[in-house]
Amino acid sequence: MKISNWAVKKPISVLMLMTAILLLGGVSLLRLPMDLLPKMSIPVAVVNTQYNGAGPYEIENLITKPIEQAVAAVHNVKHINSTSMEGVSVVVIEFNQGTDMDFATLEIREKIDVIKRFLPEDILQPIVLKIDPAALPILVLGVTGDDLGNLQEVVEYRIKPRLERLEGIASVGVTGGKQGSIIFEIDPYRLQMQGISQQQMTNLLRGENINLPVGEIIDDEKHLMVRTVGEFQSIEELRNLPVALPTGATVELEDLGEIYFHEEIQQIAKINGTPSMRITVQKQPTYNTVQITNTIYEEIDKIQKELESIEIETVIDQSLFIRNAIKNVGKTAAFGGLLAILILYFFMKNLRNTLVIAISIPISIIATFTLMYFTGITLNLLSLGGFALGIGMLVDNGIVVLENIYRFREKEYSPINAAIHGAEEVASAVTASTFTTVAVFLPIVFVEGMTGEIFKELALTVTFSLLASLGVSLTLVPMLASKIVKGRQHESNRNFNKTERLLHKLNNNYKNLLRWSLAHKAMVFVITFSIFLGSVVSVLWVGAEYFPEFDEGTFTVNISLPPGSLLAETEAIVNEVENIIKKYQDVEIIFTSIGAGEDYFGGYGKRSNRASIDVRLKPFNQRESETIQIIDKLRRNLQGIPGAEIAITNLSFAGMGFAGEAVEVQIKGESIELLKEVSQDFISIIESIEGTREVASNFIEGRPQLELFLNRDITSFYGLQTIQIATTVRNLIQGITATRIRMDGEEYDLMLMGEGFLKQGVGNFAQIPIPTIAGGTLPLEQIADFKLSQGPNAIRRSDQMRAITVKAAIIGRDLNSVVKDIEVQLKAYPLPAGYNYQFTGQKEQLEEAYTSLLLAVILAVLLVYMILAAQFQSLLYPFTIMLAVPLAFAGGALGLLARGIPLSVPAIIGAIVLSGIVVNNGIVLIDYINTLKEDKKDVNEAIVIAGATRLRPIMMTTLTTILGLLPLAIGLNEGSEVQVPLATVIIGGLVLSTPLTLIVLPLIYASIDKVTIYMKKIYK
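Under an unreviewed UniProt entry, the name given to the chain is Hydrophobic/amphiphilic exporter-1, HAE1 family, and the source organism is Natronincola peptidivorans.

Structure representation (structure tokens):
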């Protein structure tokens, strides 16, 4: 290639080009945003519809089913799941990967508009939302202080507004503390005696508590605005409000009922058992997590200095794991690069020569930063993992080029001619080897689902860095070689002499082994096949999983008491759980939330019977146990607490809610009772499988209900309608917000409700007076029958059929083996007619990922073959080199077995990368054999000479790649879970395939060459 000729003859141009690359790369690095994972488009939309007062069955029939039928006609819909709960319908629509979600949500709104007239009139407008991982809280803070009342005021009016004003903040939520309101408790019998109805009282309060402008007047040629001021300023003013009675008399409002200020704790927040306030921060989607959290912490430091009486602690910080993970991957890459450079020095025995090649690592990486910046790639676990993955490969091209330049120097070529001819001779080989490695990343574009989203950036990063290293090896390396590199240095150092003797001995032994192998081909092939077969069988024992779990050092304990339990009862159970968690030495912070809403999609309201405890562990290097081990031990310790269902969730990437639980079995049918019965049997079956934990269904019993069945004969006789009776009862029991009153700079609801005795027992409730159109009243029990019942808390549907899902966590076993054991048991279960089950969650994701990754592997192998065929202008010789690929796959499987790591998505990505790496040694070897054959050398002689000549660069490139990946494969730091299986497969593949490649590929080449010659003789 002429590029090397230009580089050697124009050294200043090359120097300026490299300086420009370093300059642009440095600026790009400073501007690259930092995140845990690449930006992901989750193809999921949610339709949330609220219908106050309706039960799950009514919600399902009136709202959920019509919406499901409407959105099923939207393009690219994959699955429709729904939940019908008291007062709310949530329909979750999952689309095929790659769907334009902006257009999809627009189409959903259009379909809902078409059916809106068939929905109940008094529902709230259906809300259509896109699911965005960026909408999850990036930061959860806990604020403690001396007095909870003052603390609440400080958080809501001083801290929250300051955080909301920061650039990039989407919302700041505050929970915990007390919620104040003004209560007006009325005695319905007293109102009846005075001749006043509830509705009249509500209208009176709304009409009195108002400020209204009434116009302008002119006084002394001045325009004066006139407004009536009638808003209440205090509770005392409210109590003294005169109320005119139908009899003509007047009484004060307090004579008709009790008026008082009430503070209620609806949600309890604690830090390490101390009452606190919880602040949840969400960022805007386009902003960077780490930069936003840095800004927040700067503001918190200022607030902390101003408000010394409070303490602000970080409970959950997404950026913390991001920083540590990325820092550790960076360290791993640097350490891998150092090991690769040491190997170069070991072989070259000259510091200047080593640096000529080693300089390609930083230049290639910095050049990649520029390409990352302009293509919108962030610095994340996967893109940096690409650097760590490719760090050892970045020097491969330089090694081959420099080794060849040395060879020409030993033939007494001048430095400039040696640099030009040495680089040009291997230019096509190193270009082909680079393109084979780069080509294997192209099929990742065809990988569907989250797998493709995640690994696309890793593929691009490795591609950019390898192409940059190719450019450096063909320009900078020959230019520097012509200026500062001399022939091989025969140092007098005793250690170097020993190394040289060792390498010389190794070379001679390899020649002898190669000659013996050429004479005993059949035996070598049998041994190779036996090794290959034994290695491939190891796949059967490694197991399989979707994704390794991240050890982020955080987990959540979810506590659920029977429906209808009081907040105090929930708090008592929570205290027991907290006391057990506090005994663990690895626990750093315990953050408790009691009575909070129960769903990410928000809108299911508050539940006094539910609580969650967020636990943050000490940093990875300061604790004795892994998160998963602590969780399993804690599960056993919490089993002895009666009266509550307790589940522990590991807050890992794979459990973010987008991949689902480890084991999910979805049962479909029509009858809720039958589904419940089948799900209980499934729970028993799955609990019997070794390695399963916390087996439970998502069916939740509803709250106990008292149902009123009106006697229509009686109600129609008195001129009463169902809506009148229901509204009267609801206003007395639940209350109605009559108006809002401003006091001391704050607004409070004025709640009008019946006196407390009406809620004390069914007997008192039954005596609620119902006003008739004749002016009299009837006790509720005279016009209604009462019945106690308990239905489902929620009705869940999947693809327009009712469904219950049984979920389980796993520990100590891989996902695939657990699912296989469950499938064996479930096949023997007699399902009722019309009912079926399927595995969802991570099992579904696993099957989808493996199907598309298998296609990617096949495409990668075919692309590598095509490049080799184009390089060698032959259809047969590339087969010789391609035989290294199955040997490498077998080695990768053996590596997983040796480490006890299950087959997973990152491991298969490693196999794809491996298929592009292992052929490089074969390319360099076969290319030189062909060159020697063109010089009229005998095939066997050409093989021995080429093998001996290329042994050193092959050993160097293989060892630099292996040692570059070794820190990644060991994986001792946070965030290494994804890279460990990937690096293990590549190292295992190279360790097994390289020795076999050096022996077996030349034998296959010789055999193919013999067949080719024979065929030519036949056809002549």
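What follows continues from the structure just given.
Moving on, we get to the overall build of the chain. The helix and strand inventory of the chain stands at 34 helices and 30 strands. Referenced to the eigenvectors of the C-alpha coordinate spread, the extents of the chain come out at roughly 125 × 80 × 55 Å. The buried share of the chain, taken over its 1020 residues, is 53%. Partitioning the contacts of the chain with sequence separation of at least 6, the portion at a separation of at least 24 is 79%. With the model as given, the accessible surface of the chain reaches about 46,300 Å², and the carbon-plus-sulfur share is 56%.

Close contact between helix α28 (residues 842-872) and helix α32 (residues 919-934) brings their axes to 12 Å; oriented N to C, the two are set at 15°. The orientation of α28 with respect to α32, classified from their angle, is roughly parallel. Regarding α28 and α32, the two cross each other, and that crossing is right-handed. In this structure, α28 uses V864, L868, Q871 and F872 to contact α32, whose residues at the interface are V919, I923, I926, D927 and N930.

All right, on to the sheet that holds strand β23 (residues 736-743) then. Taken together, four strands build an open sheet; the order of strands is β12-β7-β24-β23 and the sheet is mixed. Two strands lie at the open edges of the sheet, namely β12 (257-264) and β23, each paired on one side alone. Within the sheet, the average angular offset between the axes of one strand and its neighbour, ignoring direction, is 30°. As defined by bridge partners, β23 adjoins strand β24 (residues 746-754) across seven bridges and the pair is classed as antiparallel.

Note on pairing: side chains with opposite charge can pair once their charged atoms come close. Under the defined criterion, the tally for this structure stands at 22 salt bridges. The shortest N-O distance in the salt bridge between R742 and E747 comes to 3.1 Å. Looking at R742, the relative accessible area reads 45%, which means it is partly exposed. One network of salt bridges, with partners in common, ties together E231, R740, R742, E747 and D749.

Below, the discussion takes up the environment of W6. Locating W6 in the fold gives a position in helix α1 (residues 2-9). In sequence terms W6 and F550 are 544 residues apart; their C-alpha atoms lie 49 Å from each other. With residues up to four places along the chain from it excluded, the contact list for W6 reads S13 and V14.

Okay, the side chain of T728 next. Within the element layout of this structure, T728 appears in helix α24 (residues 722-733). Overall, T728 belongs to the buried group, its relative accessible area being 13%. In contact with T728, other than residues within four places in its own chain, are Q198, P769, I770 and P771.

For the rest of this paragraph, the subject is the domain arrangement of the chain. Accessible area lost upon the coming together of the parts serves often as the stated size of an interface. According to the domain assignment, the chain consists of domain 1 (44-131), domain 2 (135-178 + 267-321), domain 3 (349-488), domain 4 (497-550 + 842-1019) and domain 5 (552-651). With centres defined by C-alpha atoms, the gap from domain 4 to domain 5 works out at 49 Å.

In the Ramachandran plot, N272 falls in the positive-phi region, its phi being about 50° despite a non-glycine side chain. Among the secondary structure elements, N272 is positioned in the loop between β13 (268-271) and β14 (274-283). A residue is classified by how much of its surface remains accessible, and N272, at 33% relative accessible area, is partly exposed. With a phi angle near 65°, Q800 is a residue other than glycine that sits in the positive phi range. Tracing the backbone through its elements, the reader meets Q800 in the loop between β28 (794-798) and β29 (801-810).

For the rest of this paragraph, the subject is helix α31 (residues 905-917). With 13 residues, α31 should cover 18 Å at 1.5 Å per step; its first-to-last C-alpha distance of 19 Å lies within 8% of that length. The buried fraction of α31 is high, at 13 of 13 residues.

Our focus in this paragraph is the packing of aromatic side chains. Under the counting rule described, the total for this entry stands at ten aromatic pairs. Taking the centre distance of 5.1 Å and the plane angle of 90° together, the rings of F717 and Y718 count as edge-to-face. Against the face of Y928 rests R950, its NZ or CZ located 4.4 Å from the ring centre.

Turning our eyes to something else, we now look at the pairing of strand β1 (residues 44-50). Where burial is concerned, most of β1 is hidden: six out of the seven residues are buried. Summarising the sheet, β1 and strand β3 (residues 88-95) pair through seven bridges and their orientation is antiparallel. In the sheet register, V47 faces β3, and the bridge partner there is V91.

What follows covers the environment of K327. You can see K327 is positioned in helix α10 (residues 318-348). Along the chain, K327 and L381 lie 54 residues apart, while their C-alpha atoms are 9.5 Å from each other.

Confidence in the prediction of the chain, expressed as mean pLDDT, is 82, and 94% of residues score 70 or more. Mean pLDDT across the elements of the chain ranges from a minimum in helix α13 (residues 381-390), with 72, to a maximum in β3, with 92.

The grouping of F529, L533, V537, L540, W541, L894 and L897 at the surface amounts to a nonpolar patch, some 730 Å² of accessible area in total. At the level of secondary structure, the elements contributing two or more residues to the nonpolar patch comprise α18 (521-537), α19 (539-542) and α30 (884-899). Examining the composition of the nonpolar patch, we find that three residues originate from one element, α18, more than from any other. Mapped onto the elements of the fold, L540 is located in helix α19. Take L540: its relative accessible area is 72%, and that puts it in the exposed class.

We now examine the packing of helix α15 (residues 415-439) against α32. At a closest axis distance of 9 Å, the pairing of α15 and α32 adopts a crossing angle of 160°. In terms of their interaxial angle, α15 and α32 are classed as roughly antiparallel. Regarding α15 and α32, the two cross each other, and that crossing is right-handed. On the side of α15, the interface is formed by A429, A432, S433, T436 and T437, while α32 contributes V919, N920, I923 and D927. Grouping the amino acids of the contact of α15 with α32 by side-chain chemistry returns four nonpolar, four polar and one charged.

Take the side chain of D317 next. Among the structural elements, D317 can be located in strand β15 (residues 311-317). Taking relative accessible area as the criterion, D317 reaches 12% and is therefore assigned buried. In terms of polar contacts, D317 uses its side chain to reach the side chain of S319, at 2.6 Å.

How each quantity is defined
Numbers given to residues run from 1 along each chain, matching the order in which its sequence is written. It should be noted that, the model being predicted, local features are given only for residues of pLDDT at least 70 and side-chain atom pairs only at 80 or more, the latter also being counted only at that level, while totals for whole chains, interfaces and linings use all residues. Values shown for side chains rest on all heavy atoms present in the structure; no hydrogens or waters enter the calculation. Secondary structure follows DSSP: runs of H or I at least 4 residues long count as helices, runs of E at least 2 residues long count as strands, and numbering of each begins at the N terminus. Only protein chains enter the calculation, and the probe is 1.4 Å; a residue is then buried if its accessible area is under 20% of its type maximum, exposed if over 50%, and partly exposed in between. Whether two residues touch is decided by their heavy atoms; if any such pair falls within 4.5 Å, the residues are in contact. We get accessible surface area from the Shrake-Rupley algorithm with a probe of 1.4 Å; when it comes to residues, only the shown protein chains can shield them. Here an axis means a line fitted to C-alpha atoms, over the contact stretch when the element is a helix, while the angle between two N-to-C directions is reported on a 0 to 180 degree scale. In this scheme, roughly parallel covers angles under 35 degrees and roughly antiparallel covers those over 145, while 65 to 115 is roughly perpendicular and the rest are oblique. For a crossing to be left-handed, the near helix must be turned anticlockwise from the far one by less than a right angle; the clockwise case is right-handed. In this analysis, strands are considered paired if DSSP registers two or more bridges between them. Each reported salt bridge corresponds to a side-chain nitrogen of Lys or Arg within 4 Å of a carboxyl oxygen of Asp or Glu. The split of the chain into domains comes from an automatic or database domain assignment. The span you would expect from a helix comes to 1.5 Å times its residue count less one. Put simply, two rings from Phe, Tyr or Trp (the six-membered ring, in Trp's case) pair if the centres are within 6.5 Å, and we call them stacked under 30 degrees between planes, edge-to-face over 60, tilted for the rest. Note on criteria: charge over ring means Lys NZ or Arg CZ within 6 Å of the ring centre, with the direction from the centre no more than 35 degrees off the ring normal. pLDDT is defined as a per-residue confidence score from the predictor, taking values between 0 and 100. Each patch is built from salt-bridge-free residues with over 30% relative accessible area, joining like charges within 9 Å and nonpolar side chains (Val, Leu, Ile, Met, Phe, Trp, Tyr) within 5 Å. Ten residue types, Ala, Val, Leu, Ile, Met, Phe, Trp, Tyr, Cys and Pro, are classed as nonpolar, four, Asp, Glu, Lys and Arg, as charged, and the remainder, Gly among them, as polar. In the analysis that follows, any N or O atom pair within 3.5 Å is treated as a polar contact, provided that within protein one partner can donate a hydrogen and the other can accept it, and provided that, for residues neighboring in sequence, both atoms belong to side chains.

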